[in-house]
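# Observations on chain architecture
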Amino acid sequence: MRKKQVACLAAAFLLLLVVCGCGKTENGRESDDGEENKIQIGLSFDSFVIERWQRDRDVFVSVAKELGAEVNVQNANGVVEEQKRQIDYFIKKGMDVIVIVAIDPVSLRESVGKAKEAGIKVVSYDRLIDDADVDLYISFDNEMVGDMMARALIAEGLTGGNVIMIGGSPTDNNVPLVESGFKRVMAKHGVSILDSIHADNWRAEEAATYIYNNPLKVSQADAIMCGNDDLATQAVRALAETRQAGNMLVVGQDADLAACQRIVEGTQVMTVYKPVERLATRAAEEAVRLAKGGKITGEDVSLSESGSYKVPYIGLEPISVNRDNIDEVIIGSGFHLKEDVYLNAPEQMPD
């Protein structure tokens, strides 16, 4: 009888071990036959209004998956409170890393603090969440973007003229950096800033509204600097209605397809190509590294002042694109197809 009792107790103990082994791990996620859980990354986007963000998302998710991570993508649709809720959701789910394309960097400081208290790593993607203890800020050199825009106008003969600046969202910390680089070159060449506005939440239609509502200032301008190619699209459409498109120098950034088409058509001088594949790939690699307890290191890593914090910063170099190099940079890299770029100007398509 005693031997039977011992045998029963042993069997019960083994059964308990099996049941526990198939349950949840310490972080609350289901285990799979004893295998380690995949790294979990939460990715919160400002919105997908800007064309490039969808490309960033696809590359990031693909690379992270290849590295053994799962990515939960959320879209805040330009609503700050929604982005805060998404970050709270990621914290509750016990993500290893949260990657944020911030709508309003200042408003997200508290959210970053909560994530760090929960032991979660935080990456500021493209836009720095200022004065917050983020583990990595990765973007392009935004002052260089503005510098390239300005130099493209100077190359077109804009010296001593007037320019209108239609900038992006005033809550985007990249905007003042781009404008700083732009203004520095303009001042050096004696170009006057005739007027300057900002499009809330990057609403592109505000560029067209400005053109319609300020015909006198527009007539006095020699060029229009647009914060991105979406704004440039709306500006050029409005200019076309008064037959000024092609006579007004227009610059933008992001190398959207519509902007590349305008460059070969002659209604936009240049755009700034930011190879988002490189940015998204590097960000995914570093996010996985952080999740595994690694540190951000490398020759291209520096420390960026962020309020009371010093944040590891990776700044990638953008590329100025105009009519002379668009075939090599944009089509040659596969960013856009030749047939698409020359859709409205087939007679100019190279062999």
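Refer to the structure printed above.
The next thing to look at is the overall build of the protein. When its secondary structure is counted, the protein shows 13 helices and 13 strands. The proportion of buried residues among the 351 residues of the protein is 48%. For the protein, long-range pairs separated by at least 24 residues make up 69% of all intrachain contacts whose partners lie at least 6 apart in sequence. Accessible area for the protein stands at about 16,800 Å²; split by element, carbon and sulfur atoms hold 50% of it.

This next bit is on the sheet that holds strand E7 (residues 192–198). In space, the 4 strands of this open sheet follow the order E7-E6-E8-E9, with parallel pairing throughout. Every other strand in the sheet has two partners, leaving E7 and strand E9 (249–251) as the edge strands with one partner each. Taken over all neighbouring pairs, the strand axes of this sheet differ in orientation by 15 degrees on average, direction set aside. Pairing of strand E8 (residues 223–226) with E9 involves 3 bridges; the strand directions are parallel.

Mapped onto the elements of the fold, Val 341 is located in helix H13 (residues 338–341). Measuring from C-alpha to C-alpha, the distance between Val 341 and Gln 261 comes to 4.9 Å, with 80 residues separating the pair along the chain. Contact partners of Val 341, with chain neighbours within four places excluded, come to Leu 257, Cys 260, Gln 261, Val 264, Ile 326, Ile 330, Ile 331 and His 336.

Residue position: Arg 52 is located in helix H2 (residues 52–66). What makes Arg 52 buried here is its relative accessible area of 5%. Of note is the side chain of Arg 52, whose polar atom sits 2.7 Å from the side chain of Asp 56. Residue contacts for Arg 52: discarding those within four places in its chain leaves Tyr 125, Asp 126, Asp 254, Asp 256, Lys 274, Val 276 and Leu 279.

For an α-helix, 3.6 residues make a turn, and residues three or four places apart therefore share a direction. Taking 1.5 Å per residue as the helical rise, H2 with its 15 residues ought to reach 21 Å, and the 22 Å between its terminal C-alpha atoms agrees with that figure. Buried residues of H2: Arg 52, Trp 53, Asp 56, Val 59, Phe 60, Val 63 and Ala 64, and no others. Each buried residue of H2 lies within a common arc of 130 degrees when the element is viewed along its axis, so the set occupies one face. For H2, the exposed residues lying more than 90 degrees away from the buried face are Lys 65 and Glu 66. At its buried positions, H2 is contacted by strand E1 (39–45), strand E2 (69–75), strand E3 (97–100), strand E4 (121–125) and helix H11 (276–291). Looking one or two residues past H2, Gly 68 carries a phi angle of roughly 90 degrees, positive in sign.

This part takes up the packing of aromatic side chains. In this structure the tally under the stated criterion is 5 aromatic pairs. Here Tyr 89 and Phe 90 contribute two aromatic rings whose centre-to-centre distance is 5.9 Å and whose plane-to-plane angle is 50 degrees, an arrangement assigned as tilted. Its relative accessible area of 36% is what places Tyr 89 among the partly exposed residues. Classification of Phe 90 by relative accessible area gives buried; the value is 0%. Centre to centre, the rings of Tyr 273 and Phe 335 are 4.8 Å apart; their planes meet at 65 degrees, and the pair counts as edge-to-face. Remark: Phe 335 occurs in the loop between helix H12 (326–331) and H13 and Tyr 273 occurs in strand E10 (residues 271–273); sequence separation between them is 62 residues. Above the face of the Phe 335 ring, Arg 55 is positioned so that its terminal group lies 3.9 Å from the ring centre. The cationic tip of Arg 57 hangs over the ring face of Phe 48; the distance from NZ or CZ to the ring centre is 4.9 Å.

Analysis parameters
Residues numbered from 1 in each chain as written. Predicted model: local features only at pLDDT ≥ 70, side-chain atom pairs only at ≥ 80, totals over all residues. Heavy atoms only, no water. Helix = DSSP H or I, 4+ residues; strand = E, 2+ residues; numbered from the N terminus. Buried < 20%, exposed > 50% of the residue type's maximum accessible area, 1.4 Å probe, protein only. Contact = heavy atoms within 4.5 Å. Areas by Shrake-Rupley, 256 points an atom, 1.4 Å probe, with all protein chains shown as cover. Pairing = 2+ DSSP bridges. Axes fitted to C-alpha atoms, helices over the stretch in contact; angles between N-to-C directions. Polar contact = N/O pair within 3.5 Å; in protein donor to acceptor, adjacent residues only side chain to side chain. Expected span 1.5 Å × (residues − 1). Arc of directions from axis to C-beta. Phe/Tyr/Trp six-rings, centres within 6.5 Å; stacked < 30°, edge-to-face > 60°. Lys NZ or Arg CZ within 6 Å of the ring centre and 35° of its normal.

The analysis is restricted to geometry; functional conclusions fall outside its scope.
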